[in-house]
Amino acid sequence: MIRCNLMQPLLEIRDLQTSFFTEHGEVRVVDHVGLSIAPGRLMGLVGESGSGKTITALSIMRLLPERARIVGGQILFEGRDLRQLSEEQMRRMRGASIAMIFQEPMTSLNPVFTVGSQIAEAVRLHQKVSRAEARKRAIEMLRVVKIADPERRVDDYPHQLSGGMRQRVMIAMALSCRPKLLIADEPTTALDVTIQSQILDLIRELQQQFQLAVLLVTHDLGIVAEYADDITILYASRVMEQSSAGELFSNPLNPYTRALLQSIPGAGGRHRRLQAIPGTIPNPADPPPGCRFNPRCPMAIEDCSRIDPPLEAKRPNHYVSCIRV
Amino acid sequence: MCPVSGSDSAAPKVASAAARSDALVVTEDLRKEFAAGSEGLLARRKLTVKAVDGVSIEIARGETLGLVGESGSGKSTLGRLILRLIEPTGGRIVFDGRDLSSLGRARMRQLRREMQIVFQDPYASLNPRMRVGAIVGEGIDIHKLARGREKQDRLVELLRMVGLDADALTRYPHEFSGGQRQRIGIARALSVNPRFLVLDEPVSALDVSIQAQIINLLQDLQDRLKLTYLFIAHDLRVVEHISRRVAIMYLGKIVELGTSDQIYSNPRHPYTRALLSAVPSIDAAGKRERIRLPGELPSPVDPPAGCSFHPRCPHAKDVCRKAVPALESGAGGHAVACQVFPAP
Ligand SMILES: Nc1ncnc2c1ncn2[C@@H]1O[C@H](COP(=O)(O)OP(=O)(O)OP(=O)(O)O)[C@@H](O)[C@H]1O
Ligand SMILES: Nc1ncnc2c1ncn2[C@@H]1O[C@H](COP(=O)(O)OP(=O)(O)OP(=O)(O)O)[C@@H](O)[C@H]1O
Ligand code: SF4
Ligand SMILES: [Mg+2]
Ligand SMILES: [Mg+2]
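Residues numbered from 1 in each chain as written. Chains lettered and ligands numbered in written order. Predicted model: local features only at pLDDT ≥ 70, side-chain atom pairs only at ≥ 80, totals over all residues. Heavy atoms only, no water.

(A) Structural detail: the interface of chain A and chain B. Contacts between the two partners involve 60 residues from chain A, matched on the other side by 68 residues from chain B. At the boundary of chain A with chain B, total buried surface from both sides reaches about 4,900 Å², with 52% on carbon and sulfur atoms. One can count five salt bridges joining chain A with chain B. Note that Glu175 of chain B is salt-bridged to Arg67 of chain A, the shortest N-O span being 3.7 Å. At the surface where chain A touches chain B, the tally comes to 16 residue pairs in polar contact (both at pLDDT 80 or more). Every element with two or more residues in the side of chain A that touches chain B is listed here: α3 (105-108), α6 (150-153), α7 (163-176), α8 (193-210), α9 (221-227) and α11 (255-262) of chain A. (Contact = heavy atoms within 4.5 Å. Buried area = accessible area lost by both parts, 1.4 Å probe. Salt bridge = Lys/Arg side-chain N within 4 Å of Asp/Glu carboxyl O. Polar contact = N/O pair within 3.5 Å; in protein donor to acceptor, adjacent residues only side chain to side chain. Helix = DSSP H or I, 4+ residues; strand = E, 2+ residues; numbered from the N terminus.)

Encoded structure:
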């Protein structure tokens, strides 16, 4: 795990394990995941679709779907284990200290209320202000996330907005709580790159000005390269590699990380076939023995399907789970 | 496939210049306005959002046209208009030589099979109470494409193509991750063997390796079956990779259109250049010279006079505040709507 020099981490996840309980028994989707984020830092959480990024984020928020449960580990926020908090304490935590931008805006925006009233409600959750004042703040927040014509848009219903506008409403709601920790699950997938970079710049400003700590879930390695201080690479519920962003891109060590870097379009000629990693991510109900990546790994040897590789420091502050490194 | 009886099956073939070419899809001056409340004490002035404002494009058979643009610029609306999922305020759409607005219901229903869409918001577009098997199989049933064992095999095959296990068939959408849901939407669209697909941000929630699989799949299908795509995306690298031609949209209008090469190697319109300069990348992290667009985003209800980009354009001159630039074609079909940087 990355040790934050000097600064106490704001969030430290230790050995987190989260499972779904289905008719077929327990399915582990977050398996011994650890990471820590200091105030003012941004951790990029990257990994294949279905690797457990969202469930990790929802575990921190304690907003897991039905049938999912944290079965082990600790989630320390300012030194307190969130798992030990009462439901009421946790709710206050979510209103004031930790905010999340969800992956799918429509699942968390209420279709029957205007977006303005939903942001205003978020504002009033943690600040005692009048309705009129909250509405003014809502308009201000819409402006901050670059929505044109905020005075008019504030009275729109979610279905009247484009995909990217809805996403920005979510961002506005999360930021209006002035959180210490922001968990952002693919927050800019529906935004064009100019607005995307404005939003990410804004988040960076908040990091620097207010020591906001950020857990950014994304599949865009370009974003991670530009905005993340540290990176965690997940594969099939497990951490494959963890280090600072600079170190990870100059010395990717885990074969999965390397394969990921090669799948990026633009790395070769136009219209060339993209280098997809052959095969698919294993079904979490039936993971392969040994290293989870071994059936698809170009470097796999026999031992890879026998030995569970531990996450070890292979270089200073650079942790890798692979017996071949 | 499914023969249609009745008289309206033979909609008149359109004989305009555009429709005579090899284009599968043609839009002519297509417009869509949405009501946006009213203004004034007595609410007498009705306000509208011009979501799509006079778009004329052609998509050739077997081609991929990439559509990129600012969030809220009307891309999804344009995609839905072309499939007639919403009715245009003006202009027309020609599909395979037929004017869609003149088609009767039965014929339109049959055409629906040939034109499919992968929606931008996967969760909102999958019925939460239906199992994945029923969602993906619905079109197969409606259009009577397969039954029983054959249908089952087809479903498994479709899921496999998008990288999902057969056991997904009996599960519900909420049991999947964001990217898995997006792939369910793709399998559903492919289930009825369409000829034309509107892909609205089809890979935005996918990590690069699965993105690569899906894009390779779409390209293979295109090669094999001569499919035609309108590919809407924010990821400019993905668009460059998959598209033969690319259109750039800003505030309801196409502001630049050209081959991938023209757009990416020789972008003309200042908005296109700002977009390209903002692509985050690993190689250029921290070194990139990003063109920042100053100022507020313009309101689509009350768009700026002249070139609607002028309040944010770093190159705007006096003329830009007055005249509306038309999309004009130059060398090699490279078209630009800008008065300072016309088509080459
Ligand atoms: N409600 C649910 N019931 C059962 N399984 C679920 C449920 N939600 C998620 N899963 C499974 O848990 C695993 C992890 O899902 P998660 O949503 O965390 O993935 P992710 O890394 O966020 O992927 P993506 O990038 O596609 O969003 C996946 O295999 C998924 O199928
Ligand atoms: N049903 C609707 N009612 C009112 N306005 C709408 C409706 N649908 C879209 N709009 C408006 O039309 C404009 C274009 O929206 P559209 O969804 O086409 O944008 P987009 O280019 O797809 O954006 P994004 O990239 O964010 O998805 C926006 O201003 C939006 O608010
Ligand atoms: S017409 Fe003028 S304002 Fe519009 S893009 Fe060109 S230079 Fe900029
Ligand atoms: Mg997710
Ligand atoms: Mg859209």
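(B) Summary view of the coordination of the magnesium ion (ligand 4). All names here are of chain A. For the magnesium ion (ligand 4), the full set of protein donor atoms is Thr54 (OG1) and Gln103 (OE1), at a range of 2.0 to 2.3 Å. Separated by 49 residues along the polypeptide, Thr54 in helix α1 (residues 53-61) and Gln103 in the loop between β6 (98-101) and α3 bring together distant segments of the chain. Among the residues examined, Thr54 registers a relative accessible area of 24% and is labelled partly exposed. (Donors = N, O, S within 2.8 Å, 3.2 Å for Na, K, Ca; no water. Buried < 20%, exposed > 50% of the residue type's maximum accessible area, 1.4 Å probe, protein only.)

(C) Quick peek at empty space enclosed by the protein. On inspection of all chains with the given rule, the structure shows eight cavities of 30 Å³ or more. Roughly 260 Å³ of internal volume is contained in the largest cavity. Looking at the largest cavity, it is lined by 26 residues, and the ones nearest its centre are Thr189, Gln196, His219 and Asp220 of chain A together with Asp235 of chain B. Elements with a minimum of two residues in the lining of the largest cavity: α8 and β8 (213-217) of chain A together with α9 (236-242) of chain B. When the residues that make up the lining of the largest cavity are grouped by side-chain class, the tally is 13 nonpolar, eight polar and five charged. Its boundaries defined by the atoms lining it, the second largest cavity holds a volume of some 110 Å³. As for the second largest cavity, its lining consists of 13 residues, of which Ala148 and Met165 of chain A together with Ser71, Leu297 and Pro298 of chain B are closest to the centre. Of the residues that constitute the lining of the second largest cavity, the class distribution is seven nonpolar, three polar and three charged. (1 Å grid on protein atoms, 1.4 Å probe; cavity = no way out; pocket = protein on both sides within 12 Å on 5 of 7 lines; lining within 4 Å. Points joined across faces, edges and corners; volume = space filled by probe spheres on them. Nonpolar A, V, L, I, M, F, W, Y, C, P; charged D, E, K, R; others polar.)

(D) The sheet that holds strand β12 (residues 318-320) of chain A, seen in detail. Residues and elements named next belong to chain A. Reading across from one edge, β6-β7-β8-β3-β9-β10-β12-β11 is the order of the eight strands in this open sheet, with mixed pairing throughout. For this open sheet the edge positions go to β6 and β11 (312-315), each flanked by a neighbour on one side alone. Going from strand to strand, the sheet's axes swing by 20° on average, the running direction of each strand aside. Summarising the sheet, β11 and β12 pair through three bridges and their orientation is antiparallel. (Pairing = 2+ DSSP bridges. Axes fitted to C-alpha atoms, helices over the stretch in contact; angles between N-to-C directions.)

(E) Structural context of the site of ligand 1. Close to ligand 1 lie 20 residues; Ser49, Gly50 and Thr54 of chain A together with Ser177 and Gly179 of chain B are nearest. The environment of ligand 1 is shared, with nearby residues belonging to chains A and B. Between Thr54 of chain A and ligand 1, the recorded distance is 2.7 Å, taken from a side-chain N or O atom to an oxygen atom. Gln103 of chain A is positioned such that a nitrogen or oxygen atom in its side chain is 3.0 Å from an oxygen atom of ligand 1. In isolation ligand 1 exposes 640 Å². Once the protein is present, 94% of that is buried. Of all the secondary structure elements, the ones that give two or more residues to the shell around ligand 1 are α1 of chain A together with α7 (178-190) of chain B. In the shell around ligand 1, the residues fall into five nonpolar, 11 polar and four charged. (Near = heavy atom within 4 Å. Areas by Shrake-Rupley, 256 points an atom, 1.4 Å probe, with all protein chains shown as cover.)

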